[in-house]
Amino acid sequence: MISGESTTAGEPVAVAGAVVARPRVRGRFSPVDWVRRGGLSAVAFALPMLVIFTAFSWYPITRLVVLSLQSTNLVDPPSWVGLQNFRDVWSDPLFMTAVKNTAYFALLALLFGYPIPLIAAVLISESRRFRGGYSALAYLPVVIPPVVGVMLWRYVFYEPSSVGLFNTVLGWFHMGPYGWLQSTGTAMPALVVESTWANAGTTVIIYLAALMSVDRDLYDAASVDGASLWRKVWHVTVPQIRGVLLVTFMLQIIGTAQVFLEPYLFTSGGPANATLTLLLLVYQYAFGNSIGVGFGQAAALSLMVAVFLAIFALVFLRLTRSWSTT
Amino acid sequence: MKSSFRAMTLLVVAAALFLVVGAASLANAGSQAKVTINVAALRPGSSAEAQKQFDDNVALFEKQHPNIAVKPVEYAWNGATFAAQLAAGRLPTVFTVPFTDARTLGEHRQVADITAGVKKWAYYKKFQKTIIAEATTSKGRIIGVPYAAYAQALHYNRQLFRQAGLDPNKPPTTWAQLRKYAKQISQRTGAAGYAQMGLNDNTAGWIATTVTYTLGGRMEQGRGANATATLNSRFTVQALNLLKQMRWTDKSMGSTFDYTWPTINQAFAAGKIGMFINGSDIYTFLVQAANLDPKIYGIAPLPLAKQKNAGVMGGGSIAVVRPDTKGAKLNAALQWIDFFYMEKLVKKAAALRDARILVANTQPVGVPAFPIFNKVQYDRANSWIKSYINVPIKQMNPFLKGIFKQNLYPEPAASTQSVYHALDPVVQAVFADKNANVSALLAQANDVAQKAIREGK
Amino acid sequence: MKSEERTGGLLSHNEWARRDLRWLFGSAQALLFVLLILIGLGPIVWLAKGAITPTIDTLRNPLALFPHGAAWSNLTEAWSQVHVGRYFWNTVVLAFGSWLCQIVVATTGAFVLSVLRPAWGKFIYWLLLGTLFVPAIVLVVPLYIEIVHPPLINHSFAESYWAIWLPAGASAFNVVLMKRFFDNLPRELFEAAEIDGAGPVRLFFSIVLPLSKPILGVVSVFAILAEWKNFLWPFLVLTNSPDRQPLSVRLPAIQPQTQIGVLLASMLIASLVPLIGFLVFQRTFLRGTGLGGALKG
């Protein structure tokens, strides 16, 4: 499956008159000419990409729309039900719960996981000799398989009895033991902490790369003008890396809106649906019953989430286009 | 252009090869003269001895039926992926489902109609009416063979009882006593005095329903899509308040609140739990997959309140056949069900043989079970294997003596899983929130359950 | 690791000379260092320690350091009882197949879009970019149904590794990344090769691919890591083939019946490949991540 990263890189500068493609002959289309111009080899080379994308990307996307309008149970042929699935999802009290929980997760993740990597990256960028070491340390949790990370935190760190690792530490100060994952108030923050631990490294590296590419002359000029440290940060650093900051913000929102693994493996959406997120609800619709009646609702909810995120991304990019650096 | 032509040929050949290899890997095994059936065997993770026991049975069956080949397949009922497995054709020919799900599956034609074959069996007429009803659809079609029935029971750790100063031969008979014992165990041994399933995979709701039954309550009135949900009756409120008190006031429930069927069994076998509720038939799992030390095992009937409808919820397992099984394969499947699941209940020779194989592989014989036919038959079957019984039958006396004095009731009939599903968050809220408003939560749950019942889900 | 004497440039020479700023930054960096060790390295080191600590000791006091000696038997038990080796191999096979599919799709696709540039190339490229806006995870339901009931083919791909290998190739990110790289290759090379009579196949294998080693490295490293970390899709596809599941799917399933020492050992084994791979290919990882994020408009 697609890894979690995506980019919205701008179109690269097109090279005028691409090398291998021959200039097109106006007039009737002749198959022989087409082959001679390399048309067939282009198709042949593109075949893996076209087949794979058609089968596993473009087709499922359109299928999703179709599924959301049908009632499917995998065994009997599907029947058309119009917008009924959407109505079912909309009127499900768990839907609002999932929306609220997902928004809560995204907000907490933003609070924890957005400024801290930036501060870390700034500090690392000013280190003369240990940048590589710091980068590696920051990135380490990212390479740990998420399942291992969640299991480690769930069965050791967050273990609710007094022999849990965190509870042991708290025990030294005569506090606790706490059931981090068992109380409706602390379950979601507990998930966010682990999720930030596991993913902040990527953000640190991205920020670092951006910071390192800021033109030093700008800083020198600002220093010559007598700017203090904070003014330099505000007037040089931030504008220069604004593009990266904005894109990371957007990608983080999009990523956290789809959180599934942590709620599923930590708490199965509990306790009492306190960690039920949108994608977990999709999963429950689809696989939460033995007669398979929920695929339509699962598709409808998936579509709603996808459309919402797409609109969010487009609006965001539009609004911030003027703020990005050139 | 020659090279480009060559290139084309190369690519076309490569593509063709790819397709051929792919198709070859997809092709089913070549046809055989025999009939082959896949049958559900043991849960993944079962011990080597348990697997050998199963294989011994398979060998015997194949000897008796040389034209049938049986392939055991690791299996555990998984409601979540059942539809997909079925659609994908990945279920064994013969597999098992709990009472809870059997009728729903039958109504949706997701298991085979085996009425004709079952009616030919000699013992068909002897099935207990309520038991065979669990495998009969509303249209009277038989879609499975009930082969095991159980009652919910209270399992307890005799060793922890002793350590806490309690008599292991005198398990609690009232809820007040249970509460007291739980407190004592947790205070004196540090283990959870009483634990209850709390995972939101419907097991939380299942046990909450069980406790409600013992207090005299029910989750539904009426039948089918016209049933009325009664989740928020005073009995359910009582059951959950009891839980709340043990959790927050007595603090006698330990620190894990997301147990489900296998995990609570495993925790119990590991000595972490003093008492808990589960089906009366879990001893086999405890021994086969959880490394239970038989010495610590005790089982008692559930404490019942002195209410009119107070009773014990029952359950069981049904052997079913994949809906696309026909002809010779269907016959073979029915023969396997007859051989593996039913014969030992009705034929002495089969019972002895089964017991012998179990004993040879150090598997439990004599686990408390429930009559599929009638009590007379049940007692007779037990007497056949008496000499092979290797479970600590004396430790099981409280249950064996007491259960037949209690009234057994079936699970809620309409949309059973949806009812449990609606109760899950209420149980979890009680575990997670000291100030959970039980009545309000149950009212909500009742609405959810009522909606599901009306929609036939 | 190059040790560069330069920094990001935020602090000027004069500012570094100032004692109070040096102290501020210095102590902030020291704090950062401690935190990074604690947070970045700490859990992993603990995992390694826990993997060879007897279960009883871990349960009694997780922070103690080998009060009763180490239990290397955890590792051997993980290998033999829990069969971690089998799941490890499954993960390797899955990662290899996914990697292969991704490389084939990305290189050939980018080659067409960047070098061959057919008339319909732009259209395809926009279709690809479009998929970047679709969150990958919402495709799970239709993809799953497609696997179970493929159109045209009357056979389910559930429980088959093909259902994991093939969809892995549908990564628009890979194609875009590789296309941008190819775009930056000097066109003169292509022209020269053409004059020498090379067709597209020669061009692909003898010129473009050899020059693409850096980007191939980046894509490969991320492809393998992504598959190693993958959970939801293999979980859905292989639910009923426990023997063929990868580590990430199997470990949570066996957790209830595995004592924690052995479980930790299994988790450590599951993390070895990504950890060692990271340490060896650090620069590729870090550079590739920077590539993905550092936009310069």
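Residues numbered from 1 in each chain as written. Chains lettered and ligands numbered in written order. Predicted model: local features only at pLDDT ≥ 70, side-chain atom pairs only at ≥ 80, totals over all residues.

Trainee: Please give an account of the interface of chain C and chain A that cites residues and values.
Mentor: On the chain A side, the residues contacting the 105 residues of chain C number 107 residues. Looking at side-chain class alone, the side of chain C that touches chain A contains 67 nonpolar, 26 polar and 12 charged residues. (Contact = placed C-beta atoms within 7 Å. Nonpolar A, V, L, I, M, F, W, Y, C, P; charged D, E, K, R; others polar.)

Trainee: Give me the interface of chain C and chain B: which residues, what numbers.
Mentor: In many analyses, interface size is given as the accessible surface area lost on bringing the parts together. Opposite the 15 residues of chain C that make contact, chain B presents 19 residues. Among the elements that line the side of chain C that touches chain B, the one with the most residues is helix α11 (residues 200-211) of chain C, at 3 residues. (Helix = DSSP H or I, 4+ residues; strand = E, 2+ residues; numbered from the N terminus.)

Trainee: Before we move on, can you summarise the domain arrangement of chain B with the specific residues and values?
Mentor: Residue and element names in this part refer to chain B. Here the domain parsing of chain B yields domain 1 (35-149 + 315-388) and domain 2 (150-314 + 394-454). Computed over C-alpha atoms, the centres of domain 1 and domain 2 are 27 Å apart. Residue-level contacts link 20 residues of domain 1 with 20 residues of domain 2. Secondary structure elements with two or more residues in the side of domain 1 that touches domain 2: α4 (99-107), β4 (145-157) and β10 (312-321). The biggest single contributor to the side of domain 1 that touches domain 2 is α4, with 3 residues. Of the residues that constitute the side of domain 1 that touches domain 2, the class distribution is 9 nonpolar, 9 polar and 2 charged. (Domains from an automatic or database assignment.)

Trainee: An account of the nonpolar core is requested, with residue identities and associated values reported.
Mentor: Ranked by internal contacts, the top residues of the largest apolar core, which has 323 residues, are A:Val282, B:Val94, B:Trp336, B:Leu423, C:Val141 and C:Met267. Ranked by residue count, the leading element in this core is helix α9 (residues 187-212) of chain A, at 16 residues. Leaving out residues up to four positions away in the same chain, A:Val282 has contacts with A:Ala298, A:Leu301, A:Ser302 and C:Val141. (Core = buried A, V, L, I, M, F, W, Y, C linked by C-beta atoms within 7 Å. Buried ≥ 20, exposed ≤ 12 C-beta atoms within 10 Å, placed from the backbone.)

Trainee: Let's hear about helix α17 (residues 416-432) of chain B: which residues, and what values?
Mentor: Residues and elements named next belong to chain B. Here α17 contains 17 residues, and its C-alpha end-to-end distance of 25 Å stays within 8% of the 24 Å for a straight helix at 1.5 Å per residue. At Leu423, α17 is bent by approximately 25°, the largest bend along its length, and proline Pro425 sits one to four residues beyond. When you tally the buried positions in α17, you get 17 out of 17 residues, the bulk of the element. (Expected span 1.5 Å × (residues − 1). Bend = angle between axes of the 7 residues up to and from the residue.)

Trainee: Requested: an account of the environment of C:Leu225, with residues and values cited.
Mentor: With respect to the helices and strands, the residue C:Leu225 is situated in helix α12 (residues 213-229). When the C-alpha positions of C:Leu225 and C:Pro43 are compared, they lie 19 Å apart, and in sequence the two are 182 residues distant. If we ignore the near neighbours within four places in the chain, the residues touching C:Leu225 are A:Val143 and C:Pro274.

Trainee: Before we move on, can you summarise unusual backbone geometry with the specific residues and values?
Mentor: Across the junction of A:Gly270 and A:Pro271, the peptide omega takes the value -15°, indicating a cis bond. Examined against the element boundaries, A:Pro271 turns out to sit in the loop between α13 (261-267) and α14 (278-287). Within the chain, C:Phe66 stands out as a residue other than glycine whose phi angle is a positive 50°. In this fold, C:Phe66 is placed in the loop between α3 (55-60) and α4 (73-80). Exposure remark for C:Phe66: the 12 C-beta atoms within 10 Å place this residue in the exposed category.

Trainee: So, the packing of helix α2 (residues 39-68) of chain A against helix α15 (residues 295-320) of chain A: which residues are in play, and what are the values?
Mentor: Residue and element names in this part refer to chain A. Between α2 and α15, whose axes approach to 7 Å, the crossing angle comes to 125°. In this view, α2 runs oblique relative to α15, as classed from their interaxial angle. As for the relative orientation of α2 and α15, their crossing is left-handed in sense. Residues Leu64, Val65, Leu67 and Ser68 of α2 lie in contact with α15, whose contacting residues are Phe295, Gly296, Ala299, Ala300, Ser302 and Leu303. Along the lines of polarity and charge, the residues of the contact of α2 with α15 split into 7 nonpolar, 3 polar and no charged. (Axes fitted to C-alpha atoms, helices over the stretch in contact; angles between N-to-C directions. Parallel < 35°, antiparallel > 145°, perpendicular 65-115°, else oblique. Left-handed = near helix turned anticlockwise from the far one by under 90°.)

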